[in-house]
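This is what each chain is made of:
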Amino acid sequence: MNEIICPNCKKAFKVDEAGFADILKQVRDHQFEEELNSRLALAEREKISAVELAKATIKNAVQEELAKKDRELSELKATSNAQLAEIVSKKENELTRLKSTSDAELANRLAKKEIEIATMKSQIQSSEIQKKLDVSDAVKVIEKERDNLVNDLRIKETETKLLEKSIYEQFTNKLVVKDETIRMKDDEIARLKDFKQKLSTKMVGETLEQHCEIEFNKLRSTAFQNAYFEKDNDSRGGTKGDFIYKETDDSGNEIISIMFEMKNENDETATKKRNEDFFAKLDKDRQDKKCEYAVLVSLLETENEFYNTGIVDVSHRFQKMYVVRPQFFIAIITLLRNAAMNSMKYKAELNLMKNQNIDITNFEEKIDAFRSGFAYNYDLASRKFKTAINEIDKTISHLQKTKDALLSSENNLRLANNKADDLTIKKLTHGNPTMKAKFDDV
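Residues numbered from 1 in each chain as written. Predicted model: local features only at pLDDT ≥ 70, side-chain atom pairs only at ≥ 80, totals over all residues. Heavy atoms only, no water.

1. Regarding a nonpolar patch on the surface
Judged by side-chain polarity, Leu-163, Ile-167 and Phe-171 come together as a nonpolar surface patch covering roughly 290 Å² of accessible area. Relative to the helices and strands, Leu-163 resides in helix H2 (residues 81–197). (Patch = residues over 30% accessible without salt bridge, like charges linked within 9 Å, V, L, I, M, F, W, Y side chains within 5 Å. Areas by Shrake-Rupley, 256 points an atom, 1.4 Å probe, with all protein chains shown as cover. Salt bridge = Lys/Arg side-chain N within 4 Å of Asp/Glu carboxyl O. Helix = DSSP H or I, 4+ residues; strand = E, 2+ residues; numbered from the N terminus.)

Here it is as structure tokens:
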């Protein structure tokens, strides 16, 4: 759309591309007609001015000639009548010839001007036709560009509508799935809340432990045949965990050991516990029972998305510690067990080395002693190298100064040699007439 402002009322209104092109064509045609009329009027005025100028020029020339002839006639009145008559006759003939010549010349000039005017008219008509053709070509190009822009706009609008429809359908499907998931979660939360409200505080904790134990026993005979999974009843260190998981291979080498702590809480409890409140105790139980990993199976902080994402690694707080929800209880055992199985080859080699009475500690001490001695000798040699390099740098600096002095001496000798070569008798006796006379005598 194009905006046009009325020159009279100063009111703005909008027109489409076709209307704008039509108005532009009308304005151009009107301007062309005005220019053509103004040029025709100018040519007509030039024609009239040229005719009037030619008439005035010829009239002045004839009048001057007549005045000249009148003067000559008046001068010849003193001559004889015969001569006067003859002269008058000649002058009249000349006057007649001049008049006829003037009329013919005037007609010739008028004809030339008519030809020039006709030529100008034909040129104006040709330029008018050419301008009309140019305007027509420009209008066609503009109309073609307008059509292309309209087609592109329609294509873009169609693509935009299709994209909007696709995005709308995609997000609608996602919202449906999300709503269904939320509904299922809400139902599960409501069921769990109802279940928890019917349990005592002691039963809440025991229920989670029983759940984990039942889930493990379901797979004990198939997946964990060589595994030990029992409650921790050893409280000699002052505290104890809930369950200890250990597994060995056929040779008796330990594959993995995990200290488990199960924590649950009733939703109606006044003081809510956090998972990190039990990290320190769990780490202490892991070290006291010499377990490799510590895992907290927790239903605390149910609204915390950090713990709801799955298996959470909290090794940045305590070494080899993880926090999981009950549904990931078997998964964390499987992951840690698979990782340990990959390192069994290295553990078997270490046990074999222990069985062969290889003292790894002494071996490391020897390596450390070798490293310390090597570092000491390297540091001593490095200082010696630095001292030697400094002395070399001093020697180089001294030699450089000697070199510079020799180069300076060479330069002075060269200058002295040049001065000696440039010395002549003529230069020595210049300005000294006594010596010049003596040398001349010699």
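Further notes follow.
2. Observations regarding the nonpolar core
The biggest cluster of nonpolar side chains holds 25 residues, and the ones touching the most others in it are Tyr-245, Phe-260, Val-295 and Phe-329. Secondary structure elements with two or more residues in this core: helix H3 (201–223), strand E3 (227–231), strand E4 (243–248), strand E5 (254–263), strand E6 (293–298), strand E8 (321–324) and helix H6 (329–342). Looking at this core, the element that brings in the most residues is H6, giving six residues. Residues in contact with Val-295, not counting those within four places in the same chain, are Ile-258, Met-259, Phe-260, Glu-261, Leu-282, Tyr-322, Val-324, Ile-332 and Leu-336. (Core = buried A, V, L, I, M, F, W, Y, C linked by side-chain atoms within 4.5 Å. Buried < 20%, exposed > 50% of the residue type's maximum accessible area, 1.4 Å probe, protein only. Contact = heavy atoms within 4.5 Å.)

3. Examining the pairing of E4
Both faces of the sheet carry side chains from a regular strand, because those side chains alternate between them. Of the pairings in the sheet, the one linking E3 to E4 comprises five bridges and is antiparallel in character. Bridge assignment links Glu-230 to a residue of E4, and that residue is Ile-244. Bridge count between E4 and E5: six bridges; the pairing is antiparallel. Within E5, the position partnered with Thr-248 by the bridge is Glu-254. In this structure, the hairpin formed by E4 and E5 is closed by a connection of five residues, where Gly-252 is found at a positive phi of approximately 90°. (Pairing = 2+ DSSP bridges.)

4. Quick look at unusual backbone geometry
One can expect most non-glycine residues to show negative phi and most peptide bonds to be in trans. Non-glycine residue Lys-290 carries a positive phi angle of around 55°. Despite not being glycine, Lys-320 has its phi angle at roughly 50°, a positive value. Structurally, Lys-320 is set in the loop between strand E7 (312–313) and E8. Look at Lys-320 and you get partly exposed, because its relative accessible area is 30%.

5. Some details on the environment of Arg-39
Structurally, the position occupied by Arg-39 is in helix H1 (residues 17–76). In this structure Arg-39 comes out as partly exposed when scored by relative accessible area, which is 44%. Between the alpha carbons of Arg-39 and Ile-124 there is a distance of 8.3 Å; along the sequence they are 85 residues apart.

6. What to know about the packing of aromatic side chains
Using the criterion set out here, one finds 11 aromatic pairs in the structure. Here Phe-229 and Phe-260 contribute two aromatic rings whose centre-to-centre distance is 6.1 Å and whose plane-to-plane angle is 75°, an arrangement assigned as edge-to-face. Separated by 31 residues along the polypeptide, Phe-229 in strand E3 and Phe-260 in strand E5 bring together distant segments of the chain. Of the two residues, Phe-229 and Phe-260, neither departs from the other in class, the shared state being buried. Among the aromatic residues, those joined into a cluster by ring pairs are Phe-216, Phe-224, Phe-229, Phe-243, Tyr-245, Phe-260 and Phe-329. In this structure, Lys-231 packs its charged tip against the face of Phe-243, placed 4.9 Å from the ring centre. (Phe/Tyr/Trp six-rings, centres within 6.5 Å; stacked < 30°, edge-to-face > 60°. Lys NZ or Arg CZ within 6 Å of the ring centre and 35° of its normal.)

7. Structural notes on the sheet that holds E6
Ordered by their spatial adjacency, six strands build an open sheet running E3-E4-E5-E6-E8-E7, and the pairing between neighbours is mixed. With partners counted over all chains shown, the strands left at the sheet margins are E3 and E7, one partner each. As defined by bridge partners, E5 adjoins E6 across six bridges and the pair is classed as parallel. Pairing of Met-262 across the sheet is with Val-297, part of E6. Strand contacts of helix H4 (residues 279–288): E5, E6 and E8, with the helix running at about 150° to E5, the strand carrying the most contacts. Where H6 meets the sheet, its contacts fall on E3, E4, E5, E6 and E8, and the angle it forms with E5 comes to roughly 160°. (Axes fitted to C-alpha atoms, helices over the stretch in contact; angles between N-to-C directions.)

8. Describing H6
One full turn of an α-helix is made of 3.6 residues, so residues set three or four places apart face in the same direction. Between its terminal C-alpha atoms H6 stretches 21 Å, which fits the 20 Å expected from 14 residues at 1.5 Å a residue. Of the positions making up H6, those classed as buried are Phe-329, Ile-330, Ile-332, Ile-333, Leu-336 and Ala-340. Down the axis of H6, the buried side of the element spans an arc of 160°, and every buried residue falls inside it. Of the exposed residues in H6, the ones pointing more than 90 degrees away from its buried face are Leu-335 and Asn-342. (Expected span 1.5 Å × (residues − 1). Arc of directions from axis to C-beta.)

9. A closer look at H4
Looking only at H4, the buried set comprises Phe-279, Leu-282, Asp-283, Asp-285 and Arg-286. Around the axis of H4, the buried residues are gathered within 160° of arc, so they sit on the same side. Of the surrounding secondary structure, the elements contacted by the buried residues of H4 are E5, E6, helix H5 (305–308) and E8. Among the residues trailing H4, Lys-290 stands out with phi positive, at a value near 55°.

Geometry only, nothing functional implied.
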